[in-house]
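# Understanding the architecture of this molecule
Listed below, chain by chain, are the residues.
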Amino acid sequence: MLRRTTTISDIDAPARLAELLDHHDYLADEGVTTAAYLALRMGRPLFLEGEAGVGKTELAKTLAAILEAPLIRLQCHEGLDAAQAMYDWDFPRQLLHLKAAEAAGVADVAALEGEIYDRRFLIARPLLRALETQPSVLLVDEIDRADDEFEAFLLEVLSDFTISVPEIGTISAATPPVVVLTSNRTREVHDALKRRCLYHWLEHPGFDREVAILRRRLPGCAERLAADVARAAGRMREAGLLKPPGVAETLDWTEALLTLGATELDPALAAATLGALLKHREDQETVRAMGLLTPGGGRG
């Protein structure tokens, strides 16, 4: 018997979504599960904010896996404009078409102009691809890195899931994509965009959940090592570091320790692998000075 693809209508309660997330190794707390469930059922974009590495992007990837839908990612950056995010014209192909028409002796200029602005010459960037792909999950990653002007473009698209192409007309989504926006809060995103979305702040996981995540993602990790790493990471997040470690970093650190054969947090191995966890020299010095690399370390 062929397995049926999971659809949004199949996800009839937050508990069901939690089961599906768990099946795909994303261990979510009740808050993020409820927010994601409501976004799916209400057809609203989900705006996730929080420190880097707490699982914002991973949630979008997991939702795509659950729905067996392509993940279409728009990575935001300074200077991002509509052409890069929505669509652009394939000028080299248009030029080749004009040259071919000229060689063939085509004389109808109006018809030729209509041909070069045909849909086949339109390059779909992430936003347009998401509208034309059903189903799909659109991830607008790190929207806080984009300029204010881009937010206005994005708000227009998310308001009615349409894109206007002057030469062609309006392209609308037959079925709107699932949309997840993420922000590391390097700047405040405008309220107009946030109002269009359901909002959730992702915290670093608690001790028990982080241990569970480490053991689920790294099956060879002993409970003692997972507990030692989660406890050390928790202390570091309270130490005023420039960049506290997220779950992504604790996974990297644990994998590095496992590669070196660790079964518990040995201070020498912890120091040798610290670059997998902390990416700023000042943070590494702070952690060493505070004695946070031993299982019970830290100064009161």
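This section reports on the structure supplied with the text. (Residues numbered from 1 in each chain as written. Predicted model: local features only at pLDDT ≥ 70, side-chain atom pairs only at ≥ 80, totals over all residues. Heavy atoms only, no water.)

Moving on to the packing of aromatic side chains. Aromatic ring pairs: the centre-centre distance and the angle between the two ring planes describe each pair. This structure, assessed with the given rule, holds two aromatic pairs. Between the aromatic rings of F47 and Y199, the centroid separation amounts to 5.9 Å while the plane-to-plane angle is 25 degrees, which identifies the pairing as stacked. Pair noted here: F47 is in strand 1 (residues 46–50) and Y199 is in strand 9 (residues 198–202), with a separation of 152 residues, a long-range link. With a centroid separation of 5.0 Å and 85 degrees between ring planes, the pair formed by W89 and Y117 is classed as edge-to-face. With a gap of 28 residues between them, W89 in strand 3 (residues 87–89) and Y117 in the loop between helix 6 (109–116) and strand 4 (122–124) connect regions that are remote in the sequence. W89 gets classed as buried once you look at its relative accessible area, which sits at 7%. (Phe/Tyr/Trp six-rings, centres within 6.5 Å; stacked < 30°, edge-to-face > 60°. Helix = DSSP H or I, 4+ residues; strand = E, 2+ residues; numbered from the N terminus. Buried < 20%, exposed > 50% of the residue type's maximum accessible area, 1.4 Å probe, protein only.)

Formed by 34 residues in total, the largest nonpolar core has its most connected members in L127, I143, F150, L154, I163 and L181. Leave out the neighbours within four places in its chain, and I163 touches M86, Y87, L127, L128, L131, V157, G169, T170 and I171. (Core = buried A, V, L, I, M, F, W, Y, C linked by side-chain atoms within 4.5 Å. Contact = heavy atoms within 4.5 Å.)

The subject of this paragraph is the layout of surface pockets. The computed volume of the largest pocket comes to approximately 510 Å³. Mapped onto the lining of the largest pocket, the elements with two or more residues apiece are helix 3 (56–67), strand 2 (71–75), strand 9, helix 10 (207–217) and helix 12 (247–259). The element that contributes the greatest number of residues to the lining of the largest pocket is helix 3, accounting for four residues. Tallied by class, the residues present in the lining of the largest pocket amount to 13 nonpolar, seven polar and eleven charged. The volume enclosed by the second largest pocket comes to roughly 310 Å³. For the second largest pocket, the lining is made up of 19 residues, of which I8, T175, P176, P177 and V178 are closest to its centre. Residue composition of the lining of the second largest pocket, grouped by class: eleven nonpolar, seven polar and one charged. (1 Å grid on protein atoms, 1.4 Å probe; cavity = no way out; pocket = protein on both sides within 12 Å on 5 of 7 lines; lining within 4 Å. Points joined across faces, edges and corners; volume = space filled by probe spheres on them. Nonpolar A, V, L, I, M, F, W, Y, C, P; charged D, E, K, R; others polar.)

Before going further, it helps to spend a moment on the pattern of salt bridges. Opposite charge on two side chains permits pairing when their charged atoms draw close. By the definition in use, this model includes 22 salt bridges. One salt bridge connects R216 with D25, and the closest N-O pair in it is separated by 3.1 Å. Taken together, the positions of R216 in helix 10 and D25 in the loop between helix 1 (14–23) and helix 2 (30–42) put the pair 191 residues apart, joining distant regions of the chain. When its relative accessible area of 31% is taken as the criterion, R216 is described as partly exposed. (Salt bridge = Lys/Arg side-chain N within 4 Å of Asp/Glu carboxyl O.)

This brings us to the sheet that holds strand 2. Note on sheets: strands pair through backbone hydrogen bonds, and any given pair is parallel or antiparallel. Here we have five strands laid out as an open sheet, ordered 2-5-8-1-9, and parallel in their pairing. Whereas interior strands pair on both sides, the edge strands pair on one side only; in this sheet they are strand 2 and strand 9. In this sheet, adjacent strand axes meet at a mean angle of 20 degrees when their direction is disregarded. Packing against the sheet, helix 2 makes contact with strand 1, strand 8 (178–183) and strand 9, and its axis sits at approximately 160 degrees to strand 9. (Pairing = 2+ DSSP bridges. Axes fitted to C-alpha atoms, helices over the stretch in contact; angles between N-to-C directions.)

Turning next to the packing of helix 1 against helix 2. The interhelical angle for the contact between helix 1 and helix 2, taken along N-to-C directions, is 110 degrees, at an axis separation of 9 Å. In this view, helix 1 runs roughly perpendicular relative to helix 2, as classed from their interaxial angle. Touching P14, L17, A18 and L21 of helix 1 are T33, T34, A36, Y37 and L40, all from helix 2. Residues belonging to the contact of helix 1 with helix 2 are distributed by class as follows: seven nonpolar, two polar and no charged. (Parallel < 35°, antiparallel > 145°, perpendicular 65-115°, else oblique.)

As for its position among the elements, M236 is in helix 11 (residues 223–237). Residues contacting M236, with those up to four places away along its chain left out, are L241, P245, W253, L277, L278, V287, L292 and L293.

A few words on helix 14 (residues 281–290). Of all the residues in helix 14, the buried ones are D283, Q284 and V287. End-on, the buried residues of helix 14 take up no more than an arc of 100 degrees, which puts them together on one face. On its buried side, helix 14 packs onto helix 11. Positioned one or two residues after helix 14, G291 has a phi angle of 70 degrees, which is positive. (Arc of directions from axis to C-beta.)

As a further point, take helix 10. By the burial criterion, the buried members of helix 10 are E210, V211, I213 and L214. Angularly, the buried residues of helix 10 cover 160 degrees about the axis, an arc narrow enough to put them on a single face. Those residues of helix 10 that are buried are in contact with helix 11 and helix 12.

Checked against the element boundaries, D90 lands in the loop between strand 3 and helix 5 (91–103). Here D90 sits buried without a salt bridge, and the closest side chain of opposite charge, R93, lies 4.3 Å off (N-O distance). Once residues within four sequence positions are removed from consideration, D90 is found in contact with F121 and I123. (Lys, Arg positive; Asp, Glu negative; His and termini not counted.)

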